[in-house]
Amino acid sequence: MKQIAKFDELLERNVTAADHPEVSIAMLRAYWLSKNKQAEYVDFGECICDAAIEQIVQECRDAGIDRITISSGFSSMPATIWRFIECGCELTGMMKVPADYMDGEFGEELRRPMIPAFVIKIN
C-alpha cells in the first residue's frame, strides 16, 4: 500500500478530527485500518458519508493514490459508488481484501479472512 507521510505523521501524533478539519477522518481511518491489515490499497470497510467523498477523492489525488477498495457491506453502496463516479472515478471491478477483523474457533490460531471489495480507480 502506498504510504502517505502526512497521514502517518497525523496518526503518530494521535490527532483528532477537531485538530485537522482539512483532513477527511474517513480517509485517515481507512488508511490506518488498511495499514494494520496490510491491504494492497486503502480500503474503506465502513460506511462512507456521501459528503466526504469529494474530499477523499482529492486527498487520494494529492497523495498519488490511483486505486482504493470499498469492502463496506452497507446497503447504500450503489449510491456511494455512484458518488465516486460523479467525482471522476471509475468502478473497475472487484477483488478480495483482508477483513478488518480476525476470525477463528476456540483453540485455533486467529486468521484474517478475505472479503469481497469494489475497486475504484481514482482519475
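It should be noted that the structure appears before, not after, this text.
Asker: How do you make sense of the packing of helix α1 (residues 5-12) against helix α2 (residues 25-36) when you look at a structure like this?
Answerer: Packed helices, taken two at a time, are described by the angle their axes make and the gap between the axes. Two numbers describe how α1 lies on α2: the axes approach to 10 Å, and their chain directions differ by 85°. When the axes of α1 and α2 are compared, the pair comes out roughly perpendicular. Seen from α1, the contacting residues are Phe7, Asp8, Leu10 and Leu11; seen from α2, they are Met27, Leu28, Tyr31, Trp32 and Lys35. Classifying every residue of the contact of α1 with α2 gives 7 nonpolar, no polar and 2 charged.

Asker: Would you mind going over the state of the cysteines with me for this structure?
Answerer: The tally for this structure, following the rule as stated, stands at 0 disulfides. Distance from the sulfur of Cys49, which forms no disulfide, to the nearest cysteine sulfur (Cys47) is 7.6 Å.

Asker: Is there a simple way to explain helix α4 (residues 77-86) in this structure?
Answerer: Along an α-helix, a turn takes 3.6 residues, which lines up residues three or four apart on a common side. Of all the positions in α4, only Met77, Thr80, Ile81 and Phe84 are classed as buried. Projected down its long axis, α4 shows its buried positions confined to an angular sector of 95°, all on one face. Opposite its buried face, α4 presents the exposed residues Pro78 and Trp82, each directed more than 90 degrees away. Among the structural elements, α3 (50-63), β2 (67-70), β3 (90-98) and β4 (114-121) are those in contact with the buried residues of α4.

Asker: Honestly, the packing of aromatic side chains in this entry has me stumped. Any pointers?
Answerer: Centre distance and the angle of the planes are the two values used to describe a pair of aromatic rings. Applying the stated criterion to the full structure yields 1 aromatic pair. With a centroid separation of 5.6 Å and 70° between ring planes, the pair formed by Phe7 and Tyr31 is classed as edge-to-face. One end of the pair, Phe7, is in helix α1; the other, Tyr31, is in helix α2, with 24 residues separating them in the sequence. Of the two residues, Phe7 and Tyr31, neither departs from the other in class, the shared state being buried.

Asker: Could you clarify how one ought to interpret the packing of α3 against α4 in this entry?
Answerer: One can describe the packing of α3 onto α4 by two numbers: an axis separation of 9 Å at closest approach and a directional angle of 40°. Judged on the interaxial angle alone, α4 and α3 are oblique. Judged by the sense of rotation from one axis to the other, the crossing of α3 with α4 is right-handed. Only Thr80, Arg83 and Phe84 of α4 make contact with α3, whose side of the interface consists of Asp50, Ile53, Glu54, Ile56 and Val57. Of the residues belonging to the contact of α3 with α4, the class tally is 4 nonpolar, 1 polar and 3 charged.

What counts and what doesn't
Here the residue numbers are simple positions, counted from 1 along each chain's written sequence. Predicted model: local features are reported for residues with pLDDT of at least 70 only, side-chain atom pairs are reported and counted for 80 or more only, and whole-chain, interface and lining totals are derived from all residues. Think of the side-chain values as coming from all heavy atoms in the structure, minus any hydrogens and water. The convention used is that axes are lines fitted to C-alpha atoms, helices contributing only their stretch in contact, and that angles between N-to-C directions extend from 0 to 180 degrees. Secondary structure elements follow DSSP: runs of H or I of four or more residues count as helices, runs of E of two or more count as strands, with numbering from the N terminus. Each angle is binned into one of four classes, with values under 35 degrees roughly parallel, values over 145 roughly antiparallel, values of 65 to 115 roughly perpendicular, and all other values oblique. Residue contacts are counted whenever heavy atoms from the two residues lie within 4.5 Å of one another. Only Asp, Glu, Lys and Arg are considered charged in this grouping, and only Ala, Val, Leu, Ile, Met, Phe, Trp, Tyr, Cys and Pro are considered nonpolar; every other residue, Gly among them, is considered polar. We call a pair of cysteine sulfur atoms a disulfide whenever their separation is within 2.5 Å. Throughout, exposure labels follow a simple rule: accessible area from a 1.4 Å probe, protein chains only, divided by the maximum for the residue type, with under 20% read as buried, over 50% as exposed, and the rest as partly exposed. The directions considered for the arc are those from the helix axis to the C-beta atoms. In this scheme Phe, Tyr and Trp rings, the latter by its six-membered ring, pair at centre separations within 6.5 Å, and the angle between planes marks the pair as stacked below 30 degrees, edge-to-face above 60, and tilted otherwise. By the definition used in this description, the sense in which the near helix is turned from the far one sets the handedness, with an anticlockwise turn below a right angle giving left-handed and a clockwise turn giving right-handed.

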